[in-house]
Amino acid sequence: DTGVSQDPRHKITKRGQNVTFRCDPISEHNRLYWYRQTLGQGPEFLTYFQNEAQLEKSRLLSDRFSAERPKGSFSTLEIQRTEQGDSAMYLCASSQGSQGAQPQHFGDGTRLSIL
Amino acid sequence: SQKIEQNSEALNIQEGKTATLTCNYTNYSPAYLQWYRQDPGRGPVFLLLIRENEKEKRKERLKVTFDTTLKQSLFHITASQPADSATYLCAPRREGNTPLVFGKGTRLSVIA
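Keep in mind it's a predicted model, so treat the numbers as computed, not measured.

### Side note on the overall build of chain B
1) Next: Along its length, chain B carries zero helices and ten strands.
2) Next: Starting at the N terminus and walking to the C terminus, you meet the elements of chain B as β-β-β-β-β-β-β-β-β-β.
3) Next: With respect to the principal axes defined by its C-alpha atoms, chain B has extents near 40 × 30 × 20 Å.
4) Next: With 112 residues in all, chain B has 47% of them scored as buried.
5) Next: At a minimum sequence separation of 6, the contacts of chain B that also span at least 24 residues come to 56%.
6) Next: Surface exposure of chain B reaches about 5,500 Å², of which carbon and sulfur atoms provide 47%.
7) Next: Side-chain charges of chain B comprise 16 positive and 11 negative groups, with the mean position of each set lying 2 Å from the other.

As structure tokens, then:
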């Protein structure tokens, strides 16, 4: 169990650019979640997958955001035409199974700064 | 809409004392509630889970209570240590492996 890993850890970009983040979950976990966290707030849900199927998207996820999990393993989150308000920590989490009360295992996030 | 409130943004206590953190929720009937710890620049780490039919859960120096009548969970750290300093997040949850909805968290500082 190597834990959830996210890449990159930090991303600085200019407004209007596109960015893509990657998340590698714990290998046997079939559920993968994306959250966004700003300073002084708890993480806010963005979207989640069961295997390769995207099950739910939050209203926070504008049309500029897209997430994929093509083979049911790693996932990518892309933000197009970045805006100042996109600056945040993007967290990925994974868990096993669809039933029961399974804890989520988080990566250490990608911190995005928009100049 | 559902609302989760953690009683204070910051809590300072003396080393050795018991820290008590509060999580209140409204417009929600969770089947269970999870507590996480988050250190600066890191992702949350799962600590404890308590179900709606459990009054109390313990793990080493940690204790969680869940009162569905008051719609409240209390999180206690006994014999607190400076290493316990972190932000603690509560997440009430429906049954199943659904996305988490977090409170803002309480930043605990244990002073030596």
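### Focus: the nonpolar core
Side chains that are nonpolar tend, in soluble globular proteins, to be buried together.
Residues and elements named next belong to chain B.
1) Next: Judged by nonpolar contacts, the single largest core of 22 residues is most densely connected at L33, W35, F75, I77, Y88 and L108.
2) Next: Contributions of two or more residues to this core are made by β3 (19-26), β4 (32-38), β5 (45-51), β7 (62-67), β8 (72-77), β9 (86-93) and β10 (106-111).
3) Next: Ranked by residue count, the leading element in this core is β3, at four residues.

### So, the packing of aromatic side chains
For any two aromatic rings, the description comes down to two numbers: the centre-to-centre distance and the angle of the planes.
1) Next: The tally for this structure, following the rule as stated, stands at 15 aromatic pairs over all chains.
2) Next: Both rings, one in Y33 of chain A and one in Y48 of chain A, keep their centres 5.2 Å apart while their planes meet at 5 degrees; by these two values the pair is stacked. Of this pair, Y33 of chain A sits in strand β4 (residues 31-37) while Y48 of chain A sits in strand β5 (residues 44-50); the two residues are 15 residues apart in sequence, bridging distant segments of the chain.
3) Next: Ring geometry for Y36 of chain B against F102 of chain B: centres 5.6 Å apart, planes inclined by 75 degrees, an arrangement best described as edge-to-face. Of this pair, Y36 of chain B sits in strand β4 while F102 of chain B sits in the loop between β9 and β10; the two residues are 66 residues apart in sequence, bridging distant segments of the chain. Of the two residues, Y36 of chain B and F102 of chain B, neither departs from the other in class, the shared state being buried.
4) Next: In this structure an aromatic cluster arises from ring pairing among Y33, Y35, F45, Y48 and F106 of chain A together with Y36, F46 and F102 of chain B.

### Some points on the sheet that holds strand β8 (residues 75-79) of chain A
All names here are of chain A.
1) Next: Pairing in this open sheet of four strands is antiparallel, and the strands run β1-β3-β8-β7 from one edge to the other. The open sheet has two edge strands with one neighbour each: β1 (5-7) and β7 (65-68). Within this sheet the neighbouring strands show an average axis-to-axis angle of 15 degrees, counted without direction.
2) Next: By the bridge criterion, five bridges tie strand β3 (residues 19-24) to β8 in an arrangement that is antiparallel. Looking at β8, one finds that F21 is bridged to L77.

### Quick word on the interface of chain A and chain B
1) Next: Across the boundary between the two partners, chain A contributes 27 residues, which contact 22 residues of chain B.
2) Next: Per-residue buried area on chain A facing chain B is highest for A101, F106 and D108 of chain A; these three make up 26% of the total on that side.
3) Next: At the junction of chain A and chain B, the tally comes to one salt bridge.
4) Next: Of the charged contacts, one joins D108 of chain A and R42 of chain B as a salt bridge, the two residues approaching to 2.8 Å between their closest N and O atoms.
5) Next: Counting only elements with at least two residues in the side of chain A that touches chain B, the list comes to β4, β5 and β9 (88-95) of chain A.

Procedures and definitions
Residues numbered from 1 in each chain as written. Chains lettered and ligands numbered in written order. Predicted model: local features only at pLDDT ≥ 70, side-chain atom pairs only at ≥ 80, totals over all residues. Heavy atoms only, no water. Helix = DSSP H or I, 4+ residues; strand = E, 2+ residues; numbered from the N terminus. Buried < 20%, exposed > 50% of the residue type's maximum accessible area, 1.4 Å probe, protein only. Contact = heavy atoms within 4.5 Å. Areas by Shrake-Rupley, 256 points an atom, 1.4 Å probe, with all protein chains shown as cover. Lys, Arg positive; Asp, Glu negative; His and termini not counted. Charge placed at Lys NZ, Arg CZ, Asp CG, Glu CD. Core = buried A, V, L, I, M, F, W, Y, C linked by side-chain atoms within 4.5 Å. Phe/Tyr/Trp six-rings, centres within 6.5 Å; stacked < 30°, edge-to-face > 60°. Pairing = 2+ DSSP bridges. Axes fitted to C-alpha atoms, helices over the stretch in contact; angles between N-to-C directions. Buried area = accessible area lost by both parts, 1.4 Å probe. Salt bridge = Lys/Arg side-chain N within 4 Å of Asp/Glu carboxyl O.

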